[in-house]
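Commentary on secondary and tertiary structure
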Amino acid sequence: MRAVIVKAPNELELVDDWPEPECGPDEVIIRMRTVGICGTDLSAIAGHLRPITEPRVIGHEGGGEIVKVGANVTDRCVGQRVVIENNFPCMECEFCTAGRSSLCPNMKGPRLLAEYAAAPARFTWPVADSVSDIALGCIEPLTVGYAAVKRSGIRAGQDAFIIGAGSVGQLVAQSLKAIGAQGWVQDPHEGRVQTAVALGAKVASDYQGEDFPFVFETSGVAAMWNVGLGKLRRGGHFTAIGLATGSTVDLDPLDVVFRQLTIRGNMIYDHPTDFGEVLAAMADGTLVAEAPVQARYTFDQSLEAIAKVREIPGKSVIEF
Ligand SMILES: [Zn+2]
Ligand SMILES: [Zn+2]
């Protein structure tokens, strides 16, 4: 089958002879329809997330149509359109059984930027006809933003400072709006700021208050931690989402103690609650997954799509 593979750090190739995935007894095979591309793909392609020891398919946001079901699968069928919940926790360890599957040390992930992908049936979510094919490439990152907002404990009517208006910052802004809270965004890239504003954020420089009860750090720039903590109100809550690789932060522990700040690291989402809640919010129109899409490519244009992903202020998707 055709697939986009990474062979070595920053070495990508679109091949047409990649082996098709096998369908395990608890799995389904999906003919991919849409794959979203994000900055995490660039980190993975560069080998920052885990070493590239052998060629592998990239891509972690997407969905399509089931074309095969495993012997033990009774609740999915051929022809169903599904979105793939991209991280496959074990659902047996102490974290998974406590509802914190995002902490699972046995996490696996699918490889989606190929004609076909295999996934455990339980991590595929059938979608209604009202969910567009394009949305299939946007639901996974939206759930990341949604879960970060939910875990922070922010409520309707409260304000949050969002550092970074890349795709995660935009999706945090959209998720805040969905619960009636307000995100205030800061980013050096004007196009990204405008995209976040279109999704419900306001520009941080227009904020009238002195400080914020909540901060979401999505830029992945370590130096922004102290900017964010400096904007935080006494008793405030700082959520770190951006992947600040290869750098450290100088924190003032006394300040954290005296002002009773909460600093929380945040990764992905928990199974099955977060995906289920996002799909429900999409069904009632509270969340619009495809709203950030600004660039659409064919599968043949995959390498171009990946090369340009940082130039696009909104979301890039590849359609098969
Ligand atoms: Zn992503
Ligand atoms: Zn687990």
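Per chain, residue numbering runs from 1 following the sequence as it is written. Written order determines the labels here, with chains lettered from A and ligands numbered from 1. Residues qualify for local features only when their pLDDT is at least 70, as the model is predicted, and side-chain atom pairs are given and counted only at 80 or more; totals for whole chains, interfaces and linings, by contrast, use all residues. Side-chain metrics rest on all non-hydrogen atoms present in the structure, leaving aside hydrogens and water.

Topic: the pattern of salt bridges
When their charged atoms lie close together, side chains carrying opposite charge are able to pair. Any Lys or Arg side-chain nitrogen located within 4 Å of an Asp or Glu carboxyl oxygen qualifies as a salt bridge. A full pass over the atoms with the stated rule returns 16 salt bridges. Between Glu65 and Arg33 there is a salt bridge, and its shortest N-O distance comes to 2.8 Å. Of the two residues, Glu65 sits in strand β5 (residues 61–69) while Arg33 sits in strand β3 (residues 27–37), which places them 32 residues apart along the sequence. Linking Lys308 and Glu304 is a salt bridge whose minimum nitrogen-to-oxygen distance equals 2.9 Å. For Lys308, a relative accessible area of 31% gives the class partly exposed. Sharing partners across several salt bridges, the network here consists of Arg33, Glu65, Arg81 and Asp133. Starting at the N terminus, helices and strands are each numbered in turn, a helix being any DSSP run of H or I of at least four residues and a strand any DSSP run of E of at least two. The buried label applies to any residue whose accessible area, calculated with a 1.4 Å probe on protein chains only, is under 20% of its type's maximum; exposed applies above 50%, and partly exposed to all values in between.

Examining the layout of surface pockets
Only protein atoms enter the 1 Å grid used here. Points where a 1.4 Å probe fits but cannot escape make up a cavity, open sets with protein on both sides within 12 Å along at least five of seven lines make up a pocket, and a residue lines them when an atom lies within 4 Å of a point. Grid points are joined across faces, edges and corners, and a volume is the space filled by probe spheres set on the points. One number sums up the size of the second largest pocket: a volume of about 270 Å³. The wall of the second largest pocket is formed by 14 residues, among which Met1, Trp18, Pro21, Arg111 and Ala118 lie closest to the centre. At the level of elements, β4 (56–57) and β7 (116–120) are the ones that each hand at least two residues to the lining of the second largest pocket. At three residues, the largest contribution of residues to the lining of the second largest pocket is made by β7.

Quick look at the coordination of the zinc ion (ligand 1)
Bound to the zinc ion (ligand 1) are the protein donor atoms Cys38 (SG), His60 (NE2) and Glu61 (OE), situated 2.0 to 2.2 Å from the metal. Sites may look incomplete because water is not among the atoms; the donors themselves are N, O and S atoms within 2.8 Å of the metal, or within 3.2 Å for Na, K and Ca. Spacing between the donor residues of the zinc ion (ligand 1) along their common chain follows C-x21-H-E. Here Cys38 is found in the loop between β3 and α1 (39–45), whereas its partner Glu61 is found in strand β5, with 23 residues between them in sequence. We classify Glu61 as buried; its relative accessible area is 1%.

A closer look at the state of the cysteines
The term disulfide is used for any two cysteine sulfur atoms that are within 2.5 Å. Per the stated rule, a full pass over the model turns up zero disulfides. Left unpaired, Cys138 is separated from the closest cysteine sulfur, that of Cys38, by 11 Å. Take Cys138: its relative accessible area is 2%, and that puts it in the buried class.

A word on a nonpolar patch on the surface
Patch membership requires more than 30% relative accessible area and the absence of a salt bridge. Residues of like charge join within 9 Å; the nonpolar side chains Val, Leu, Ile, Met, Phe, Trp and Tyr join within 5 Å. Accessible surface area values rest on a Shrake-Rupley calculation with a 1.4 Å probe, where residue burial reflects the displayed protein chains alone. A cluster of nonpolar side chains, Leu49, Leu243 and Met267, forms an exposed patch at the surface whose accessible area comes to about 290 Å². Following the sequence through the fold, Met267 ends up in the loop between β14 (262–265) and α9 (273–283).

Let's talk about the nonpolar core
Of all hydrophobic cores here, the largest spans 34 residues; its most connected members are Ile30, Leu113 and Ile306. The greatest single-element share of this core, amounting to five residues, is contributed by β3. When residues no more than four places from it in sequence are discounted, the contact partners of Ile30 are Gly63, Gly64, Glu65, Ile66, Val82, Ile84, Glu115, Tyr116, Ala117, Ala119 and Thr124. To form a nonpolar core, buried Ala, Val, Leu, Ile, Met, Phe, Trp, Tyr and Cys residues must be joined to one another through side-chain atoms within 4.5 Å. In terms of nonpolar packing, the next biggest core, distinct from the first, is built from 25 residues, Trp125, Phe275, Leu279 and Val317 among them. Here, two residues are considered to be in contact whenever any of their heavy atoms come within 4.5 Å of each other.

Looking at α9
Taken as a whole, α9 has its buried residues at Asp274, Phe275, Val278, Leu279, Ala281 and Met282. Projected down its long axis, α9 shows its buried positions confined to an angular sector of 160 degrees, all on one face. Looking one or two residues past α9, Gly285 carries a phi angle of roughly 85 degrees, positive in sign. Think of it as the arc spanned by the lines of direction from the helix axis to the C-beta atoms.

Quick word on the packing of aromatic side chains
Within a pair of aromatic rings, the relevant descriptors are the distance that separates the centres and the angle that separates the planes. Aromatic contacts are taken between Phe, Tyr and Trp rings whose centres are within 6.5 Å, Trp giving its six-membered ring; a plane angle under 30 degrees counts as stacked, one over 60 as edge-to-face, and the others as tilted. Overall, the coordinates contain eight aromatic pairs when judged by the stated rule. Centroid distance Phe88 to Phe123: 5.4 Å. Interplanar angle 20 degrees. Geometry classified as stacked. Here the residue Phe88 occupies a position in the loop between β6 (81–84) and α2 (94–97), and Phe123 occupies one in the loop between β7 and β8 (124–126), the gap between them amounting to 35 residues. Pairing Tyr269 with Phe275 gives two aromatic rings, centres 5.2 Å apart and planes at 70 degrees, and the pair type is edge-to-face. Residue class for Tyr269 comes out buried when judged on its relative accessible area of 2%. We classify Phe275 as buried; its relative accessible area is 0%. Clustering of aromatic rings is evident, with ring pairs tying together Phe161, Trp184, Tyr207 and Phe212. A ring has a charge above it when a Lys NZ or an Arg CZ is no more than 6 Å from the ring centre and no more than 35 degrees off the ring normal. Over the aromatic face of Phe161 sits the side chain of Lys231, whose NZ or CZ is 5.3 Å from the ring centroid.

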